[in-house]
Amino acid sequence: MSKGSVVVIDNGAGLCKAGFGGDRDPVAIVPNCVGKSPASKKWLVADELRAADTDVTSVSLRRPFDRGYLVNPELQREVWDRVIRTLLRVDPNHSSLLLVEPLFNPPSVQRVTDEIVFEDFGFRSLCVADSPSLVHLFEASRGHSHCHQTQCSLVVDCGFSFTHAAPVLQNFTLNYAVKRLDLGGKVLTNYLKELVSYRSVNVMDETLIIDHAKEKLCFVSLDVSRDLRLARRSGKQNPFKCTYVLPDGIEHTKGYVKDFDEAQRYLSLPYETLPTVSEQKEELTLSPSNLEKPEQRMKVDLLQNEFTLTNERFLVPEMLFHPADLGLAECIVRAVNSCHPLLHPVLYESILLTGGSTLFPRFAERLKMELRPLVPDDYQVKITSQEDPILGIWRGGSLLASSPDFESMCVSKSDYEELGSTRCRRRFFH
């Protein structure tokens, strides 16, 4: 099979990554949605939302996915048509497709997906893969020592709609042990929108702008109590205080961080030692002039074109670690405990992080802090972040698509027409 004849699509609910098997990076990384500005009647598709001249203010978004699963096939078909025919410029009739699907994809969604692939686009064959197995495959191929030696890993995928803790053994995801949290990047963005709208300026319709602010400014705290005390300070004494400027539609069509270096001051804060009792008392007895007054945060100016963030920067990612019910660390422990006891120490030593939400600074360090008290003392805990958590799944798919045995893993169009979607998937993908 010649290079470029296998199309690889990691079809995430937030981003669609598409390219060709055997390549290092995808050709296109685009929003998996369509959007329309209030001032326009035209719907912008995928990469058009990221064009330099596109004003993202108050853009209405429509997504083909909801809660991690495909609910609008027509919209997905429109996004794929833009990606395949315009960005990749490939003829599906002479190409195979490797498609990354969510874990536990319902049969009805599988059938609709197969119809789009074979009947609407006319791909000659299809291979379906899940994200944990592709992450493990890619890391093992890079020489990740533990994954390569034991052929076993625990993949933590923090994506757009949900978070999975999935044990993988010899490139097969152990579905019976997978645990899921209904928390992902979308929930975090919505939470930040609510906080900013309540405290500063109404941004409930600014999904793309707040998503960008979250990615640029939010981080994971290693000591929430201490950081909450520091966030009470006013002015320059507050190491978390930063300003995000909204687009004006004239000079700036995209939002941006005012003084990015100033916003990164928190990275220099030491976390090695906890504050002493005297230091805590000193923090609590700061003079009123050094404390930010509540009314300063509650005053809402409907005309302002910027907003200030302080404790929101670490309270938003905190949802992943301490939600209302099950936290990420507890989810990982439950996934490991669902496996054979012989696998427990191996899984804790080979935890792989992937997905856009793992890009928050200090995510891995905080996760290890949360895990260590829950894991037996004689087990080691080793957490590895992927080189690029957004592209790790796609790169694993690209590697699989370039393997000599790839064609034997595929359902051909003739098989689909003869047997139908359900029987084909049972024969090839289970």
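Residues numbered from 1 in each chain as written. Predicted model: local features only at pLDDT ≥ 70, side-chain atom pairs only at ≥ 80, totals over all residues. Heavy atoms only, no water.

If you look the chain up in an unreviewed UniProt entry, it shows as Actin-related protein 6 from Zingiber officinale. Word for word, the UniProt comment on the chain under Sequence similarities (unreviewed entry) is "Belongs to the actin family. ARP6 subfamily." (UniProt positions renumbered as here; feature names shortened; annotations may be inferred.)

Novice: Help me out: how do you make sense of the pairing of strand 15 (residues 242-245) in this one?
Specialist: For a regular strand, the rule is simple: side chains alternate between the two faces of the sheet. Neither face of strand 15 is exposed, since C242 and Y244 on one face and T243 and V245 on the opposite face are all buried. As paired strands, strand 15 and strand 17 (residues 306-309) are joined by 4 bridges and run antiparallel to one another. Following the sheet pairing, T243 is matched in strand 17 by T308. Across 3 bridges, strand 15 lies against strand 16 (residues 256-258) in antiparallel orientation. The residue bridging Y244 from the neighbouring strand is V257, located in strand 16. (Buried < 20%, exposed > 50% of the residue type's maximum accessible area, 1.4 Å probe, protein only. Helix = DSSP H or I, 4+ residues; strand = E, 2+ residues; numbered from the N terminus. Pairing = 2+ DSSP bridges.)

Novice: How should the layout of surface pockets be read in this particular structure?
Specialist: Over the atoms rolls a probe the size of a water molecule, and its path tells where empty space is left. Roughly 1,200 Å³ of internal volume is contained in the largest pocket. Lining the largest pocket we find 49 residues, and of these G14, L15, F160, D211 and E215 sit closest to its centre. Among the secondary structure elements, those contributing two or more residues to the lining of the largest pocket are strand 1 (6-11), strand 2 (15-20), strand 9 (96-101), strand 11 (152-158), helix 5 (185-199) and helix 6 (207-217). At 6 residues, helix 6 tops the list of elements feeding residues into the lining of the largest pocket. (1 Å grid on protein atoms, 1.4 Å probe; cavity = no way out; pocket = protein on both sides within 12 Å on 5 of 7 lines; lining within 4 Å. Points joined across faces, edges and corners; volume = space filled by probe spheres on them.)

Novice: Explain the sheet that holds strand 15 to me, please; I cannot follow it from the model alone.
Specialist: Strand pairing in a sheet is mediated by backbone hydrogen bonds. Such pairs are either parallel or antiparallel. The sheet built from 3 strands is open, its strands ordered 16-15-17 with antiparallel pairing. Of all strands in the sheet, those bounded by a partner on one side alone are strand 16 and strand 17. Within the sheet, the average angular offset between the axes of one strand and its neighbour, ignoring direction, is 35 degrees. (Axes fitted to C-alpha atoms, helices over the stretch in contact; angles between N-to-C directions.)

Novice: I keep staring at the packing of helix 1 (residues 73-88) against helix 2 (residues 107-120) and nothing clicks. Help me out?
Specialist: Describing two packed helices takes the angle between their axes plus the distance from one axis to the other. Two elements in contact, helix 1 and helix 2, have axes separated by 11 Å at closest approach and are oriented at 40 degrees. When the axis of helix 1 is compared with that of helix 2, the two are oblique. The interaxial crossing formed by helix 1 with helix 2 has right-handed handedness. Residues P73, R77, W80 and R85 of helix 1 form the contact with helix 2, whose participating residues are V112, T113, I116, V117 and D120. Taken together, the residues of the contact of helix 1 with helix 2 sort by class into 5 nonpolar, 1 polar and 3 charged. (Parallel < 35°, antiparallel > 145°, perpendicular 65-115°, else oblique. Left-handed = near helix turned anticlockwise from the far one by under 90°. Contact = heavy atoms within 4.5 Å. Nonpolar A, V, L, I, M, F, W, Y, C, P; charged D, E, K, R; others polar.)

Novice: What's the story with the pairing of strand 18 (residues 351-354) in this structure? I'm lost.
Specialist: What you see with strand 18 is no split at all: I351 and L353 on one side and L352 and T354 on the other are buried throughout. Pairing of strand 18 with strand 19 (residues 383-385) involves 3 bridges; the strand directions are parallel. Along strand 19, the bridge assignment pairs I351 with I383. With helix 15 (residues 363-371) bridging strand 18 and its parallel neighbour strand 19, the resulting β-α-β unit is right-handed. (Right-handed = clockwise from strand over helix to strand, strands pointing away.)

Novice: Would you mind showing me how to read the packing of aromatic side chains here?
Specialist: To describe a pair of aromatic rings, one takes the distance between the centres and the angle between the planes. Within this structure, the stated rule accounts for 11 aromatic pairs. For the ring pair F121 and F123, a centre distance of 6.4 Å and an interplane angle of 45 degrees mean the geometry is tilted. The burial state of F121 is the same as that of F123; both residues are buried. The side chain of R62 reaches across the aromatic face of W43, ending 5.4 Å from its centre. (Phe/Tyr/Trp six-rings, centres within 6.5 Å; stacked < 30°, edge-to-face > 60°. Lys NZ or Arg CZ within 6 Å of the ring centre and 35° of its normal.)

Novice: Can you help me understand the nonpolar core in this one?
Specialist: General note: in soluble globular proteins, nonpolar side chains tend to be found buried as a group. Residues F307, L328, I332, I351, F363, L367 and L371 are the most contacted members of the largest nonpolar core, which totals 60 residues. With 7 residues, the top contributor of residues to this core is helix 13 (residues 328-337). What L367 contacts, discounting residues up to four positions off in sequence, is F321, L328, A329, I332, L353 and I383. In this structure, V79, W80, V90 and L97 belong to the second largest nonpolar core, which totals 28 residues. (Core = buried A, V, L, I, M, F, W, Y, C linked by side-chain atoms within 4.5 Å.)

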